[in-house]
Amino acid sequence: MQHVERHHTHRLGWLRAAVLGANDGIISTASLVVGVAAASATPHNVLLTGVAGLVAGAMSMATGEYVSVSSQADSEQADLAREQEELRSDPIAEQQELADIYVARGLAPALALQVAQQLMAHDALGTHAREELGIFEAIAANPIQAALASAASFMVGAALPLAVILLAPTVGLAWTVSVTALLFLAALGALAAYVGGSGMLRAAARVTFWGALAMGLTAAVGHFFSVAP
């Protein structure tokens, strides 16, 4: 019978960006509309604020993810280019460097050297990328993937408070948006933890706490600068 293992590291590239985007979409949009609602704005202005926050936030998330992950990718490529040059100019030293890594991990020196020789004969740059630089294919930086995942998930997250605004009565709108947003955040935290293979309760509690804090502070600012006569 074939032994099959299921791991979650291959999901890290898009999962981090997607969770960040959805979380920010819920929190920022809900906080915006709660703050504006607390300032006694009209339902139309509250909805307009939420829509503007969705568009601006999605573009901001996509841009931020693309720029930051591109910087990471540029650093990785620079390190790989430097490593490629070192492999070309002094392969013996690089082989010994790889063997020393395996010795530090517990292999006998002779065996470590033999492993280093065989792995470098198979894929020298890939081996040094993993063992020396810590660059793995499954979690390597992908700017476009991160930008798209973050923007799309932000829009999905931001759409939830907007749907509440459209469906809920105008009386007590700020409280309705706040409570439902916290429920959305708890569900998001639990789902992200499930997909990532970690504890669901802790993740849900963590994201709910910070969401409640953000909305509470924004509501206080909106109430302080109330536009009501």
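Each remark here, short or long, concerns the structure printed above.
Along every chain, residues carry numbers that run from 1 in the direction the sequence is written. Only residues with pLDDT of at least 70 are given local features in this predicted model, and only at 80 or more are side-chain atom pairs given and counted; all residues enter the totals for whole chains, interfaces and linings. Calculated side-chain values reflect all of the structure's heavy atoms, with hydrogen atoms and water omitted.

## Let's talk about a nonpolar patch on the surface
Condition: Candidate patch residues must exceed 30% relative accessible area and have no salt bridge, after which like charges are joined if within 9 Å and Val, Leu, Ile, Met, Phe, Trp or Tyr side chains if within 5 Å. Residue-level accessible areas treat just the shown protein chains as cover; the underlying method is Shrake-Rupley with a 1.4 Å probe. Salt bridge criterion: a side-chain nitrogen from Lys or Arg within 4 Å of a carboxyl oxygen from Asp or Glu. To qualify as a helix, a DSSP run of H or I must reach at least 4 residues; to qualify as a strand, a run of E must reach at least 2; elements of each kind are numbered from the N terminus.
A cluster of nonpolar side chains, Tyr66, Val67, Ile144 and Leu148, forms an exposed patch at the surface whose accessible area comes to about 410 Å². Where the nonpolar patch is concerned, the elements lending two or more residues are helix H2 (43-89) and helix H5 (143-167).

## A closer look at the nonpolar core
Heads up, the condition is: Residues grouped as a nonpolar core are buried Ala, Val, Leu, Ile, Met, Phe, Trp, Tyr and Cys residues, joined through side-chain atoms within 4.5 Å. The buried label applies to any residue whose accessible area, calculated with a 1.4 Å probe on protein chains only, is under 20% of its type's maximum; exposed applies above 50%, and partly exposed to all values in between. Residues are treated as being in contact if the distance between any of their heavy atoms lies within 4.5 Å.
Core analysis: the biggest nonpolar cluster contains 23 residues, and Val33, Ile165, Leu173 and Val177 have the highest contact counts within it. Secondary-structure elements contributing two or more residues to this core are helix H1 (12-38), H2, H5, helix H6 (173-196) and helix H7 (200-224). No other element matches H1, which puts six residues into this core. For Val33, the residues in contact, after removing those within four places along its chain, are Val46, Gly50, Ile165 and Val177. Among the nonpolar cores identified, the runner-up in size contains eight residues, and Ala99, Ile101, Ala112 and Ala116 belong to it.

## Focus: the pattern of salt bridges
Applying the stated criterion across every chain yields a total of three salt bridges. Asp79 is paired through a salt bridge with Arg82; the nearest N and O atoms lie 2.7 Å apart. Of the two residues, Asp79 and Arg82 both sit in helix H2, three residues apart, roughly one turn of that helix. A relative accessible area of 47% places Arg82 in the partly exposed class. For the salt bridge of Arg105 with Glu131, the shortest nitrogen-to-oxygen distance reads 2.4 Å.

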